[in-house]
Amino acid sequence: MASLFKWSRAADRPALPFTAEQQRRLATWNRERLAPQFPPADPDAALVRESEMRAVEIAFLEALRAEISAEAAAAPTDVEGFIAWFEGLIETGPGQGDPLFPWIAAEASLDQMHWFLEQEAAGEAGFDDLVAYTQVKMPQQAKLELARNYWDEMGRGNPKGMHGPMLGHLIEALDLAPTIEDTVAESLALANAMTAMATNRAYAWHSVGALGAIELTAPGRSAATAMGLRRLGQPPEVRRYFDLHATLDVKHSEAWNREALRPLVAEDPARATAMAEGALIRLKAGARCFARYRSELWSVRESRPTEAMVHA
Ligand SMILES: [Fe+2]
Ligand SMILES: [Fe+2]
């Protein structure tokens, strides 16, 4: 275990902490362990595997923390200062204003859109479950806000309004097949980091910050994706997941910051730093995805000049 921590903090580590293979192992483990199941046939072997994978998970998370801890330490810890800093991430946060999204809205072909959505879908950790894990033993006001947010994720009790199945409908309608094997490591890393923060209580405040960062920044990306889908002739029921998040998450973000972040920081300013770390970990993981997507999608575009010529 000690060697993992040492390796993850090495000055010459790769741009993505840990290898693609490790991200696949973590993603596979998360899929297995979070599924409802029966007691294992061999409890000792299950505990050994659990302990091995948790060591990898925590080492990965600590490597991500090490990258942003200095920046997070500079965030204010008083309520007003922190909220202003946090809301400012919509402009200044890692990955904000990435050129990928104007391109998705205005230029991506249907094939390119499919590839992008497949990566995004495979890297989706399930916002509803992340909220559910995070809210355990939270102080009352924050807990209530996470409950309201969760209820919205559940379509307020209407199966047709549930966000998870809404994304599932889009995957089905576009005939996408998101798999761990075909997903880039950056996208798996994003989901692995979110799951790690939500399921480890030592990172509960990080998770509150990371989930708040998603609510803050999702509307812009969702609007661009919905616009691209509309341009490519996709009907409203297919675009619904992105159309919805383009507007609903603006309200979710305001409520999260007011009802969860504010009272939690007022009660203990040390949480501000943990939330700042969580938010920066999430945004940096997103920025890595966008850069990788561009390198994949735009190299394809450049290597196929005939496509543009055919359409011209
Ligand atoms: Fe949602
Ligand atoms: Fe939301």
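Residues numbered from 1 in each chain as written. Chains lettered and ligands numbered in written order. Predicted model: local features only at pLDDT ≥ 70, side-chain atom pairs only at ≥ 80, totals over all residues. Heavy atoms only, no water.

Under the annotation held in an unreviewed UniProt entry, the protein chain carries the name Iron-containing redox enzyme family protein and is attributed to Sphingomonas parva.

Engineer: Explain the overall build of the protein chain residue by residue, including any values.
Structural biologist: Scanning the protein chain from terminus to terminus reveals 14 helices and zero strands. In sequence order, the protein chain lays out its α and β elements as α-α-α-α-α-α-α-α-α-α-α-α-α-α. Relative to the globule expectation of 20 Å for 312 residues, the C-alpha radius of gyration of the protein chain, 20 Å, shows essentially globular dimensions. Per-residue burial for the protein chain yields a buried fraction of 49% across its 312 residues. (Helix = DSSP H or I, 4+ residues; strand = E, 2+ residues; numbered from the N terminus. Rg over C-alpha atoms; globule rule 2.2 N^0.38 Å. Buried < 20%, exposed > 50% of the residue type's maximum accessible area, 1.4 Å probe, protein only.)

Engineer: For the coordination of the iron ion (ligand 2), give the residues involved together with the corresponding values.
Structural biologist: Summarising the metal site, the iron ion (ligand 2) is bound by the protein donors Glu-215 (OE), Glu-215 (OE), Asp-249 (OD) and His-252 (ND1), whose distances to it range over 2.1 to 2.5 Å. Separating the iron ion (ligand 2) from the iron ion (ligand 1) is a gap of 4.1 Å. Of this pair, Asp-249 and His-252 both sit in helix H12 (residues 236-267), three residues apart, roughly one helical turn. Taking the relative accessible area as the measure of exposure, His-252 reaches 4% and is therefore buried. (Donors = N, O, S within 2.8 Å, 3.2 Å for Na, K, Ca; no water.)

Engineer: Can you break down unusual backbone geometry residue by residue, with the values?
Structural biologist: Even without glycine at this site, Arg-156 takes up a positive phi of about 50°. Here Arg-156 lies in the loop between helix H8 (140-153) and helix H9 (163-173). Classification of Arg-156 by relative accessible area gives exposed; the value is 59%. For Asp-175, which is not glycine, the phi dihedral falls at a positive 60°.

Engineer: Give me the lowdown on the nonpolar core, citing residues and values where you can.
Structural biologist: Grouped together as the largest cluster of nonpolar side chains are 83 residues, with contacts concentrated most on Phe-82, Phe-86, Leu-100, Phe-116 and Leu-117. For this core, the element with the highest residue contribution is helix H13 (residues 270-303), accounting for 13 residues. With near-sequence residues (within four places) excluded, Phe-82 lies in contact with Pro-76, Leu-261, Val-265, Ala-272, Met-275 and Ala-276. (Core = buried A, V, L, I, M, F, W, Y, C linked by side-chain atoms within 4.5 Å. Contact = heavy atoms within 4.5 Å.)

Engineer: Give a description of the coordination of the iron ion (ligand 1) that names residues and reports values.
Structural biologist: Bound to the iron ion (ligand 1) are the protein donor atoms Glu-153 (OE), His-163 (ND1) and His-245 (NE2), situated 2.1 to 2.2 Å from the metal. Summarised as a motif, the one-chain spacing of the donors to the iron ion (ligand 1) is E-x9-H-x81-H.

Engineer: If you had to explain the environment of Ser-207 to someone new, which residues and values would you point to?
Structural biologist: Positionally, Ser-207 belongs in helix H11 (residues 204-231). When its relative accessible area of 1% is taken as the criterion, Ser-207 is described as buried. Sequence separation between Ser-207 and Ala-279 is 72 residues, and the spatial gap between their C-alpha atoms is 8.0 Å. The contacts of Ser-207, once residues within four sequence positions are left out, are Thr-134, Met-197 and Ala-198.

Engineer: Go over helix H2 (residues 20-34), please, and point to the residues and values.
Structural biologist: For H2, spanning 15 residues, the distance from its first C-alpha to its last is 21 Å, which sits close to the expected 21 Å at 1.5 Å a residue. Of the positions making up H2, those classed as buried are Gln-22, Gln-23, Leu-26, Ala-27, Trp-29 and Asn-30. Buried residues of H2, viewed axially, fall in a sector of 165°; they line one side. H2 presents Glu-21 and Arg-31 as exposed residues on the side facing more than 90 degrees away from its buried surface. (Expected span 1.5 Å × (residues − 1). Arc of directions from axis to C-beta.)

Engineer: So what about the packing of aromatic side chains? Which residues, and what values?
Structural biologist: What the rule picks out here adds up to nine aromatic pairs. With centroids separated by 5.2 Å and ring planes inclined at 85°, the aromatic side chains of Tyr-241 and Phe-242 adopt a geometry described as edge-to-face. Both residues of the pair, Tyr-241 and Phe-242, belong to the buried class. Grouped by ring-pair contacts, the aromatic residues Phe-101, Trp-115, Phe-116, Phe-290 and Tyr-293 constitute a single cluster. (Phe/Tyr/Trp six-rings, centres within 6.5 Å; stacked < 30°, edge-to-face > 60°.)

Engineer: Could you give an account of the packing of helix H4 (residues 79-92) against H12, with specific residues and numbers?
Structural biologist: Look at H4 against H12: their axes get within 9 Å of each other, and the N-to-C directions meet at 135°. Classified by the angle between their axes, H4 and H12 sit oblique to one another. Crossing of H4 over H12 shows right-handed handedness. Counted together, Val-79, Glu-80, Phe-82, Ile-83, Phe-86 and Glu-87 of H4 and Asn-257, Leu-261, Arg-262, Val-265 and Ala-266 of H12 form the full contact between these two elements. Looking at the contact of H4 with H12 residue by residue, the classes come out as seven nonpolar, one polar and three charged. (Axes fitted to C-alpha atoms, helices over the stretch in contact; angles between N-to-C directions. Parallel < 35°, antiparallel > 145°, perpendicular 65-115°, else oblique. Left-handed = near helix turned anticlockwise from the far one by under 90°. Nonpolar A, V, L, I, M, F, W, Y, C, P; charged D, E, K, R; others polar.)

Engineer: I'd like a rundown of the side chain of His-163, residues and numbers included.
Structural biologist: Within the secondary structure, His-163 sits in helix H9. Among all residues touching His-163, those that are not within four sequence positions of it are Asp-152, Glu-153, Tyr-241, Leu-244, His-245 and Leu-248.

Engineer: I'd like a description of the pattern of salt bridges, backed by residues and values.
Structural biologist: Under the definition given, this model contains 16 salt bridges. A salt bridge links Arg-49 to Glu-32, with the shortest nitrogen-to-oxygen separation between them at 2.9 Å. In this pair, Arg-49 sits in helix H3 (residues 43-73) while Glu-32 sits in helix H2, placing the two residues 17 residues apart along the sequence. Residue classification places Arg-49 among the partly exposed residues on the basis of a relative accessible area of 35%. A relative accessible area of 40% means that Glu-32 is categorised as partly exposed. (Salt bridge = Lys/Arg side-chain N within 4 Å of Asp/Glu carboxyl O.)

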